[in-house]
Amino acid sequence: MPALHDPLMIVTDLDGSLLDHHTYSWEAAEAWLARLKAADIPIVICSSKTAAEIEPLQRALDIVGAPFIAENGAIVKWQQQTPAAADRASGKNYAAICKTLRQLREQDGFKFTGFADVTEKEVADWTGLTPHDAALAKTREGSESLIWRDTSEQFTAFQQALAAQQLELVQGGRFWHVMDQGRGKGAALDWLLTHYPPPGSGRWITIGLGDGPNDAPMLDKVDYAVVIKGYSKIGVTLKRQQHVFYSAGFGPEGWSEGLTHYIT
């Protein structure tokens with residue numbers, strides 16, 4: 001089992017994991033957050049949230065400067081990122097994705113509602129966020145979040161139409177997310193580990209924590225996975241069999257439970 005003096009990296013989802021699904025509180029994780037920060041262990045947020053949402057959260061959690069993965073892997077950032085590391089191959093930006101979605105809706109009559117279609121108040125009503133935080137959620141760079149309002153047959157056709165445009169759907173805890181193919185949380189973590197080496201030689205020992213289907217690619221990549229008990233009907237299906245811990249608690253309680261299980 002890993003120890004606090006090892007070159008550990010904690011890779012964590014937010015909503016329903018480090019943050020309570022309903023209240024967005026991380027109070028139950030504070031003791032572990034303090035231990036990790038005292039040991040200089042990077043806490044890498046890996047979330048469907050936008051960079052505009054994650055950066056204030058980093059300040060509140062006192063982890064400013066740590067890398068983060070936003071919009072389900074579409075965006076990877078950290079302080080003092082070198083130009084070479086920042087030059088991640090970019091696909092469609094937010095405006096281009098929304099343009100493609102509008103065209104598909106006009107051509108094929110797909111019924112869905114995206115963040116680009118609604119006001120900050122409507123996003124706040126959907127999510128329970130404050131109007132200010134809902135505005136940050138609408139500040140998107142590389143993906144669109146939407147609610148599907150059509151049939152299952154049309155959903156299959158929608159996936160096929162997106163694939164023809166080199167786009168894919170990723171299921172989160174509340175929304176479907178449209179983004180470039182091959183840029184999910186697992187691919188983003190691979191890229192981060194290549195471009196953000198640990199101090200000295202060697203490699204990071206990674207512990208990943210998540211509760212939703214969109215976390216599975218990340219949880220399959222880390223050395224030790226924590227599947228936090230969640231509210232999604234789909235659940236988390238992993239390819240791996242070893243080093244997987246399933247929490248009994250939800251949200252930050254399950255998050256802390258997983259770290260206690262793994263870290264000696």
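Quick note: structure is the one above.
What counts and how
- Residues numbered from 1 in each chain as written.
- Predicted model: local features only at pLDDT ≥ 70, side-chain atom pairs only at ≥ 80, totals over all residues.
- Heavy atoms only, no water.
- Phe/Tyr/Trp six-rings, centres within 6.5 Å; stacked < 30°, edge-to-face > 60°.
- Helix = DSSP H or I, 4+ residues; strand = E, 2+ residues; numbered from the N terminus.
- Buried < 20%, exposed > 50% of the residue type's maximum accessible area, 1.4 Å probe, protein only.
- Expected span 1.5 Å × (residues − 1).
- Arc of directions from axis to C-beta.
- Contact = heavy atoms within 4.5 Å.

Let's talk about the packing of aromatic side chains
Moving on, step 1. All told, the structure shown has 15 aromatic pairs when counted by the stated rule.
Moving on, step 2. Aromatic pair Phe115 and Phe175: ring centres 5.1 Å apart, planes at 90°, arrangement edge-to-face. Here the residue Phe115 occupies a position in the loop between β5 (112–114) and α5 (120–127), and Phe175 occupies one in the loop between β7 (167–171) and β8 (176–180), the gap between them amounting to 60 residues. One exposure class covers both Phe115 and Phe175, and it is buried.
Moving on, step 3. Pairing Tyr224 with Tyr262 gives two aromatic rings, centres 5.1 Å apart and planes at 55°, and the pair type is tilted. Of this pair, Tyr224 sits in strand β10 (residues 224–229) while Tyr262 sits in helix α10 (residues 251–262), and the two are 38 residues apart along the sequence.
Moving on, step 4. In this structure Tyr224 comes out as buried when scored by relative accessible area, which is 15%.
Moving on, step 5. Judged by its relative accessible area of 2%, Tyr262 is buried.
Moving on, step 6. Members of the aromatic cluster, connected to one another through ring pairs, are Phe110, Phe112, Trp148, Phe155, Phe158 and Trp176.

Quick look at helix α7 (residues 152–164)
Moving on, step 1. Here α7 is 13 residues long and its end C-alpha atoms lie 19 Å apart, about the 18 Å a rise of 1.5 Å per residue gives.
Moving on, step 2. Taken as a whole, α7 has its buried residues at Phe155, Phe158, Ala161 and Leu162. The buried residues of α7 all sit within an arc of 120° when viewed along its axis, so they share a single face. For α7, exposure combined with an orientation more than 90 degrees from the buried face picks out Glu153, Gln160 and Ala164.
Moving on, step 3. Packed against the buried residues of α7 are α4 (94–108), β5, β6 (143–148), β7 and β8.

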